[in-house]
Amino acid sequence: MIPRKFMRPLILQSTLLLLGASCVWAAEPIRTATNTNPRSAVMPVADGGNAAATPAEHPLVPAIEMAKKVQDHIQKDVKDYTCTLIKRERIGKELGENQFIAMKVRNDPLCVYMSFMVPDKGREVMFLAGKNGGKMAAHAGSGLQARFGTVWLDPVGPMAMKDQRYPITEVGIANLTRRLLEVADNDKKFGECEVKFFPGATINARKVTCIEVTHPVPRVNFRFHKARIYLDDELNVPIRYEAYEWPAKGSTEPVLLEEYTYVDLKLNVGLKDQDFDVNNPAYHFK
């Protein structure tokens with residue numbers, strides 16, 4: 001059973017336009033930029049009667065600049081945090097159920113402790129960068145696998161990656177910001193991109209700014225049709241990300257690929273080494 005406090009983890013309290021299952025947006029974006037050129041972001045301009053090509057600012061540039069500031073802030077000012085991660089991923093053609101995971105994260109070096117609440121309540125996973133031969137500790141919460149107790153797995157191996165889009169080494173707000181910048185830097189090489197900024201959105205009663213990036217036409221260069229990133233206005237970190245494929249044939253609705261929401265996020269709580277120790281008596285590794 002989902003804990004009562006998480007029955008409606010993304011409570012939306014606003015009279016603004018409702019978009020999706022977990023966010024409220026302003027009715028109009030504060031800024032919109034579009035490039036429909038399928039090859040590049042270069043536009044011709046007149047110069048002394050002769051047409052010359054000069055680079056136009058790609059629509060993604062303002063979003064990239066904002067993301068770089070967020071990345072700098074996380075690197076300089078965010079040492080650790082606790083939160084509940086709510087994630088949902090499409091593996092192959094199947095969209096999985098929502099997972100509720102209590103997390104402790106230390107950023108440098110990356111240390112992650114995860115305790116699953118729904119599904120497989122009682123499952124625990126731990127990873128410490130540069131320790132334990134690069135392996136992660138894990139045990140199931142119930143079922144046959146729970147009988148094996150704690151196992152040490154390659155984070156990118158088939159057992160650890162079963163029903164997962166990303167390994168534990170990629171979890172967290174720092175990794176999310178880095179991946180977003182990598183994708184944006186790639187997409188900036190191409191056109192056919194629309195970027196909108198929506199201020200005044202709300203995620204679980206947190207004020208956020210939403211950045212929506214859309215690629216109207218399917219191309220091998222693009223990883224998604226539409227993506228939305230939600231930056232907490234107070235904490236200056238991403239607290240939600242969602243990405244969609246292009247609509248299936250005969251449909252106008254984009255197909256959800258993945259969504260991640262960081263609920264009850266508390267920064268710089270002073271996590272200790274014991275928080276990332278499998279021998280911690282509060283945990284159930286054995």
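Residues numbered from 1 in each chain as written. Predicted model: local features only at pLDDT ≥ 70, side-chain atom pairs only at ≥ 80, totals over all residues. Heavy atoms only, no water.

Helices and strands together make up the secondary structure of the protein, namely two helices and 17 strands. For the protein, the proportion of its 286 residues judged to be buried stands at 47%. In the protein, the proportion of contacts linking residues at least 24 apart, taken out of those at least 6 apart, comes to 53%. Element-wise, carbon and sulfur atoms account for 53% of the exposed surface of the protein, whose accessible area totals about 15,500 Å². (Helix = DSSP H or I, 4+ residues; strand = E, 2+ residues; numbered from the N terminus. Buried < 20%, exposed > 50% of the residue type's maximum accessible area, 1.4 Å probe, protein only. Contact = heavy atoms within 4.5 Å. Areas by Shrake-Rupley, 256 points an atom, 1.4 Å probe, with all protein chains shown as cover.)

Quick look at helix H2 (residues 173–187) now. Within an α-helix, residues lying three or four positions from one another point in the same direction, as the helix has 3.6 residues per turn. Here H2 spans 21 Å end to end across 15 residues, near enough to the 21 Å set by a 1.5 Å rise per residue. The set of residues buried in H2 consists of Ile173, Asn175, Leu176, Thr177, Arg179, Leu180, Leu181, Val183, Ala184 and Asp187. Buried residues belonging to H2 abut helix H1 (61–77), strand S6 (80–91), strand S15 (226–232), strand S16 (238–245) and strand S17 (255–267). (Expected span 1.5 Å × (residues − 1).)

Summed over all chains, the structure comprises two cavities of 30 Å³ or more. Empty space within the largest cavity amounts to approximately 290 Å³. For the largest cavity, the lining is made up of 22 residues, of which Lys87, Gln164, Tyr166, Pro167 and Ile168 are closest to its centre. For the lining of the largest cavity, the elements supplying multiple residues, two or more each, are S6, strand S9 (111–118), H2 and S17. Sorting elements by how many residues they give to the lining of the largest cavity places S6 first, with three residues. Of the residues that constitute the lining of the largest cavity, the class distribution is 15 nonpolar, two polar and five charged. The space that makes up the second largest cavity amounts to roughly 240 Å³. Around the second largest cavity sit 19 residues that line it, and Ala63, Ala67, Leu180, Ala184 and Ile229 are the ones nearest its centre. Elements represented by at least two residues in the lining of the second largest cavity include exactly H1, H2, strand S14 (206–214), S15 and S16. (1 Å grid on protein atoms, 1.4 Å probe; cavity = no way out; pocket = protein on both sides within 12 Å on 5 of 7 lines; lining within 4 Å. Points joined across faces, edges and corners; volume = space filled by probe spheres on them. Nonpolar A, V, L, I, M, F, W, Y, C, P; charged D, E, K, R; others polar.)

This part is about the pattern of salt bridges. A pair can form between side chains of opposite charge whenever their charged atoms are brought close. For the structure on display, the rule yields 18 salt bridges. Across the salt bridge formed by arginine 179 and glutamate 170, the nearest N and O atoms sit 3.6 Å from each other. Its relative accessible area of 18% is what places arginine 179 among the buried residues. The class for glutamate 170 is partly exposed, based on a relative accessible area of 21%. For glutamate 259, the salt bridge goes to arginine 240, with nearest N and O atoms at 2.7 Å. Highlighted residues: glutamate 259 in strand S17 and arginine 240 in strand S16, separated in sequence by 19 residues. (Salt bridge = Lys/Arg side-chain N within 4 Å of Asp/Glu carboxyl O.)

Here H1 contains 17 residues, and its C-alpha end-to-end distance of 24 Å stays within 8% of the 24 Å for a straight helix at 1.5 Å per residue. When H1 is considered as a whole, its buried residues turn out to be Val61, Pro62, Ala63, Ile64, Ala67, Val70, His73 and Ile74.

Another point: the side chain of arginine 106. Topologically, arginine 106 is positioned in strand S8 (residues 99–106). Of note is the side chain of arginine 106, whose polar atom sits 3.1 Å from the side chain of aspartate 273. When residues no more than four places from it in sequence are discounted, the contact partners of arginine 106 are Lys79, Asp80, Cys111, Leu271, Lys272, Asp273 and Phe276. (Polar contact = N/O pair within 3.5 Å; in protein donor to acceptor, adjacent residues only side chain to side chain.)

Met103, Met114, Met136, Ile168, Val195 and Tyr241 are the most contacted members of the largest nonpolar core, which totals 54 residues. Apart from the residues lying within four places of it in its own chain, the contact partners of tyrosine 241 are Leu176, Leu180, Phe224, Ala227, Arg228, Ile229, Tyr230, Glu258, Glu259 and Tyr260. With 10 residues, the next largest nonpolar core counts Tyr113, Leu271, Phe276 and Val278 among its residues. (Core = buried A, V, L, I, M, F, W, Y, C linked by side-chain atoms within 4.5 Å.)

Right, let's get into unusual backbone geometry. In this structure, the amide linkage connecting aspartate 108 to the following residue, proline 109, adopts the cis form with an omega of -5°. Following the sequence through the fold, proline 109 ends up in the loop between S8 and S9. Residue valine 118 is joined to proline 119 through a cis peptide bond whose omega torsion reads -15°. Mapped onto the secondary structure, proline 119 falls in the loop between S9 and strand S10 (124–128). At alanine 205, a residue that is not glycine, the phi angle is positive and equals roughly 70°. Here alanine 205 is to be found in the loop between strand S13 (193–203) and S14.

This part covers the confidence of the model for the protein. Of the residues in the protein, 79% have a pLDDT of 70 or more, and the chain-wide mean is 85. The low-confidence segment residues 38–54 (pLDDT under 50) makes 28 contacts with residues lying over four places distant or belonging to another chain. (pLDDT = per-residue confidence, 0-100.)

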